[in-house]
Amino acid sequence: MTLSRRDRNLTFAGILLALFLGAIDQTIVSTALPRIVEDLGGLERYAWVFTAYLVASTVLVPVYGKLADMYSRKAIALTAVGVFLTGSFLCGLAGEFGTLPVLGDGMNQLIVFRAVQGIGAAGLFSMAFIIIADLFPPAERGKFQGIVSAVFGIASVLGPLLGGYLTDNATDVIPGIQGWRWVFYVNVPFGAVAVWFVATRMPPLRPHGERGRLDLAAVALLIGGLVPFTTALQLDRSEYPWGSPVTVGMLGAGLALLALFVWRSLRSPNPILDLTLFRNRVFRSANAAVFFHGAAFLSTAAFLPLFLVNVVGVSATGAGLALIPLSLGVVFGSLISGQLVSRIGRYRAIMLVGTSILAVGVFLLSRMGPDVTIGRVTLYMVVVGFGLGPAGPLYTLAVQNAVDVRRMGQATSAVQFCRQIGGALGTAVLGTVLATGLAAGFAEHLGGIAAVPGVATSGEGISASGDVTAQMREAFAAARAGLREAVTAGDTAAVAAALTSGGVPADAVGEVSAQLAAADPAARAALAERLDAEFAARSEAVLESVSAGIKATFTDAVTSVYRYVFVIALAALVLTTFIPVLPLRRTFDAAPPEA
């Protein structure tokens, strides 16, 4: 079917808007979550608000890719947007009607509805690149896919800012509706615009070749394997370490079902993912490189806030804002690389340059010291982001250019899936590396703070903000308040425990206990005043003395992670060199060039 340039651009605009909604929902909830927990409760389950969305939006990507090779891509896109908007609306309603049968309390409802959102988002992510393949031939496609990749970067910048603004300021839009609910409700009107564009401007875009029957057994095996596997990667390692029965059981069950999925795919006449695609050198090499790119990207972004808070000394909010240069680097890298490949018609050289820049940026991060400035970190982030930019559009373009259009959906979704799985696996493994480094660093540099109640020194128990100094300050404040109360009450055991936690020598603790035992109420009040002042001074001295140790610990641990990320970036670079260079097609031919 021949489309006018205007209809193609309007269809593209609708797809971009829908994609933007799915992408921004990956980050918009982060700044709203404290208020959500305040209203709904369930603090111990807050991580599942993210995990449910991530797991659902990852495991269904290959299924959407197969469906796109069987049915009208317009119908699939509309279905995905509809599911996403339904999930968004339900998330906004979470907890409004109290505890519900089966679903439980408000936090449980939110987790379930976030999974519904993720099911729709999986379609938004995969269908965007697939539909673009129907709208523009490979020779023109690069610049449009660069725009799509840039949308992800823009969404990552705007998500936390928009989430915070709506949470703080949208309460009065409609009386009685909390501001955080608008984080989800805002998707509905914008999603309706996207639906209008797709419904009125997009042709059916029916797939090439025969439809066949969907292999439901393979779908069940794929989902059954990926759900426990990806969920196990997201578990809190302080509660479920790698060797725990839960983690091992989930990983083992997931891998077993995925092995059965491969067995089924090799025998199915209409597999979810045609494994013969791996005979194609472009498909094989590009997906391997994208896997490592995904690991490098998420690992770089995931661990930087800990470094900024504990070494550079910025606030948790400032650490989040410091990731903006990384996202902007990705935006410009995606746009420039997409334009270049459409002009020169070659993609591998641009991929190699981009991945080399990525490796340089990560190497610079791995060389940071405890005295590094925020300006220098920002510069490094821009370099890393600019190097990551070409990975978004160009690897997908290379694969699409090399495969038969009858398998375009499967091939395109495979690239997206490998990127997401690489990121999930990379951050999970390197998170353990970080925890190990922090535990060793705390033992070496901080020693005595392990005795301070409420301070996480294992590496696995770091708070959401990651600010260990703040944890220590809060713990000392609590101990100081407890000390004053215990002295006033004449509780010698509690006084001894509070003084010990503040680093007071044992002989001094014994002397104070003896004074307290002989004191009357007036003397206890005077003693409480004196000890409070002395404890405050000693606490500040302890905090000052361990500040350098905290910086050294986090510097060593985070930069060791980035040394591993550097190796990952080099692996992506090496794999990219194996991608054959094929001329970009200028038509929508069914037969690809020889790969």
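How each quantity is defined
- Residues numbered from 1 in each chain as written.
- Predicted model: local features only at pLDDT ≥ 70, side-chain atom pairs only at ≥ 80, totals over all residues.
- Heavy atoms only, no water.
- Helix = DSSP H or I, 4+ residues; strand = E, 2+ residues; numbered from the N terminus.
- Buried < 20%, exposed > 50% of the residue type's maximum accessible area, 1.4 Å probe, protein only.
- Contact = heavy atoms within 4.5 Å.
- Salt bridge = Lys/Arg side-chain N within 4 Å of Asp/Glu carboxyl O.
- Axes fitted to C-alpha atoms, helices over the stretch in contact; angles between N-to-C directions.
- Left-handed = near helix turned anticlockwise from the far one by under 90°.
- Nonpolar A, V, L, I, M, F, W, Y, C, P; charged D, E, K, R; others polar.
- pLDDT = per-residue confidence, 0-100.
- Expected span 1.5 Å × (residues − 1).
- Core = buried A, V, L, I, M, F, W, Y, C linked by side-chain atoms within 4.5 Å.
- Patch = residues over 30% accessible without salt bridge, like charges linked within 9 Å, V, L, I, M, F, W, Y side chains within 5 Å.
- Areas by Shrake-Rupley, 256 points an atom, 1.4 Å probe, with all protein chains shown as cover.

Attention now moves to the overall build of the chain. A tally of regular secondary structure across the chain gives 22 helices and zero strands. In the chain, which comprises 595 residues, the share counted as buried stands at 53%. The long-range share in the chain, meaning contacts at least 24 apart out of those at least 6 apart in sequence, stands at 80%.

Moving on to the pattern of salt bridges. Per the counting criterion, the structure on display carries eight salt bridges. Arg114 is the partner of Asp25 in a salt bridge, and the nearest nitrogen-oxygen pair spans 3.3 Å. Note that Asp25 is positioned in the loop between α1 (5-24) and α2 (28-40) and Arg114 in helix α6 (residues 106-135), a separation of 89 residues in sequence. By the burial criterion, Asp25 is buried, and Arg114 matches it. Linking Arg406 and Asp404 is a salt bridge whose minimum nitrogen-to-oxygen distance equals 2.6 Å. According to the relative accessible area criterion, Asp404 is buried, its value standing at 11%. Taken together, the shared-partner salt bridges in this structure form one network comprising Asp69, Arg73 and Asp134.

Where helix α3 (residues 47-59) meets helix α10 (residues 216-234), the closest approach of the two axes is 10 Å, and the angle between their N-to-C directions is 145 degrees. Read as a crossing pair, α3 and α10 show a hand that is right-handed. Between α3 and α10, the contacting residues are Trp48, Thr51, Leu54, Val55, Thr58 and Val59 on the first element and Leu222, Leu226, Val227, Thr230, Thr231 and Gln234 on the second. When grouped by side-chain class, the residues that make up the contact of α3 with α10 number seven nonpolar, five polar and no charged.

This next bit is on the confidence of the model for the chain. As a general rule, the predicted coordinates of low-pLDDT regions are not to be interpreted in detail. Across the chain, the average pLDDT comes to 83, with 88% of residues at 70 or higher. Within the chain, the lowest mean pLDDT, 68, falls on helix α21 (residues 506-518), and the highest, 95, falls on helix α15 (residues 348-366). Within the model, pLDDT remains below 50 along residues 448-466, and this stretch shows 48 contacts once partners closer than five positions in the same chain are excluded.

Attention shifts here to α15. The end-to-end C-alpha distance of α15 is 27 Å, a good match for the 27 Å that 19 residues give at a rise of 1.5 Å each. Along α15, the residues that are buried comprise Ile350, Met351, Gly354, Thr355, Leu358, Ala359, Gly361, Val362, Leu365 and Ser366.

The next point concerns the nonpolar core. Counting 54 residues, the largest nonpolar core has Phe12, Phe84, Ile131, Val148 and Leu222 as the members making the most contacts within it. Ranked by residue count, the leading element in this core is α6, at 11 residues. Setting aside chain neighbours within four positions, we find Leu222 in contact with Val59, Pro62, Val63, Leu258, Phe261 and Ile272. Counting 39 residues, the second-largest nonpolar core is a separate cluster that includes Phe307, Val311, Val362 and Val384.

A cluster of nonpolar side chains, namely Leu328, Phe332, Leu335, Ile336, Leu340 and Phe386, defines an oily patch on the protein surface of about 490 Å² accessible area. Top element by residues in the nonpolar patch is helix α14 (residues 324-344). It accounts for five residues. You can see Phe332 is positioned in helix α14. Taking relative accessible area as the criterion, Phe332 reaches 47% and is therefore assigned partly exposed.

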